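Listed here are the chains, written in short residue letters.
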Amino acid sequence: MLLTINAVLEEDMGAALRAAGVLAISMDEATAVDCMAFLSTHIHYVDEETWRRVPVFIELTHIVGSPNAANLMELVKKLTQQTAGLEAKHLARIVSDGADGAAVMTSEHSGLAQRIQQEIAPYSLGGVAMASSSAGR
């Protein structure tokens, strides 16, 4: 039953993301105390009726191998295509990518933000996302 509900929710989520005019992606890589690395990925879109940003949690994924920008880029492609059902034409609509200030995410020469702009979303502007005490209000 839960798998069926999950499949329906994923299809609804994917349909909303595929229909969106523009997308944004936010990611955070974290290494746990046991040295296992994880990537948390969200894709955001603007609801055209309410003009509100809608964040969609994609997945918290274990990073196999080194958490470098090349591996993270492949993981982002896999997550957006397999979990959210987005094709290259949808990913090209990403206009912003946000991450913490880690070099693997934001380095202007080889960071994940640079790779996103070069490989899938040429109009994407990388940025540093900061936690806010007013989040969710």
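Up top is the structure these notes are about.
Residues numbered from 1 in each chain as written. Predicted model: local features only at pLDDT ≥ 70, side-chain atom pairs only at ≥ 80, totals over all residues. Heavy atoms only, no water.

**Side note on the overall build of the chain**
Going by this rule: Numbering of helices and strands starts at the N terminus; helices are DSSP runs of H or I of at least 4 residues and strands are runs of E of at least 2. Remark: exposure states derive from per-residue accessible area (1.4 Å probe, protein chains only) relative to the maximum for the residue type, with buried under 20%, exposed over 50%, and partly exposed in between. Between two residues, a contact is recorded if the distance between any of their heavy atoms is within 4.5 Å. Only the protein chains shown count as covering a residue, and every accessible area follows the Shrake-Rupley method with a 1.4 Å probe.
Along the backbone of the chain there are five helices and five strands. Secondary structure elements of the chain, listed N to C terminal, follow the sequence α-β-β-β-α-α-β-α-α-β. Every one of the 137 residues in the chain was classed for burial, and the buried ones make up 33%. The long-range fraction of contacts in the chain, counting pairs at least 24 apart against all pairs at least 6 apart in sequence, stands at 58%. Here the chain displays about 8300 Å² of accessible surface, and carbon together with sulfur accounts for 57% of that area.

**Re unusual backbone geometry**
For C35, which is not glycine, the phi torsion reads 70° and is therefore positive. Mapped onto the secondary structure, C35 falls in the loop between β1 (23-31) and β2 (37-46). With relative accessibility at 66%, the residue C35 sits in the exposed group.

**So, the pattern of salt bridges**
Rule in force here: Any carboxyl oxygen of Asp or Glu within 4 Å of a side-chain nitrogen of Lys or Arg constitutes a salt bridge here.
One pass over the structure, following the stated rule, counts three salt bridges. Close ionic contact of E119 with K77 constitutes a salt bridge, the shortest N to O distance being 2.8 Å. Remark: K77 occurs in helix α2 (residues 69-83) and E119 occurs in helix α5 (residues 112-119); sequence separation between them is 42 residues. The exposure class assigned to E119 is partly exposed, which follows from its relative accessible area of 38%. E119 is the salt-bridge partner of R115, the closest N and O atoms lying 3.7 Å from each other. Taken as a pair, R115 and E119 lie in helix α5 at a separation of four residues, close to a single helical turn. Taken together, the shared-partner salt bridges connect E74, K77, R115 and E119 into one network.

**Looking at the side chain of S40**
With respect to the element layout, S40 can be found in strand β2. With relative accessibility at 19%, the residue S40 sits in the buried group. Excluding residues within four positions of it along the chain, S40 makes contact with S26, M27, D28, F57, E59 and L60.

**Remarks on the pairing of β2**
The following threshold applies: When DSSP locates at least two bridges between a pair of strands, those strands are taken to pair.
Counting buried positions along β2 yields seven of ten residues, so the element is predominantly enclosed. Direction of pairing for β1 relative to β2: antiparallel, over a ladder of nine bridges. Among the inter-strand pairings, T31 is bridged to a residue of β2, identified as A37. In this antiparallel pair of consecutive strands, β1 and β2, the connection spans five residues, and C35 shows a positive phi of 70°. Where β2 hands over to strand β3 (residues 53-63), the hairpin turn is made up of six residues, of which W51 adopts a positive phi near 55°.

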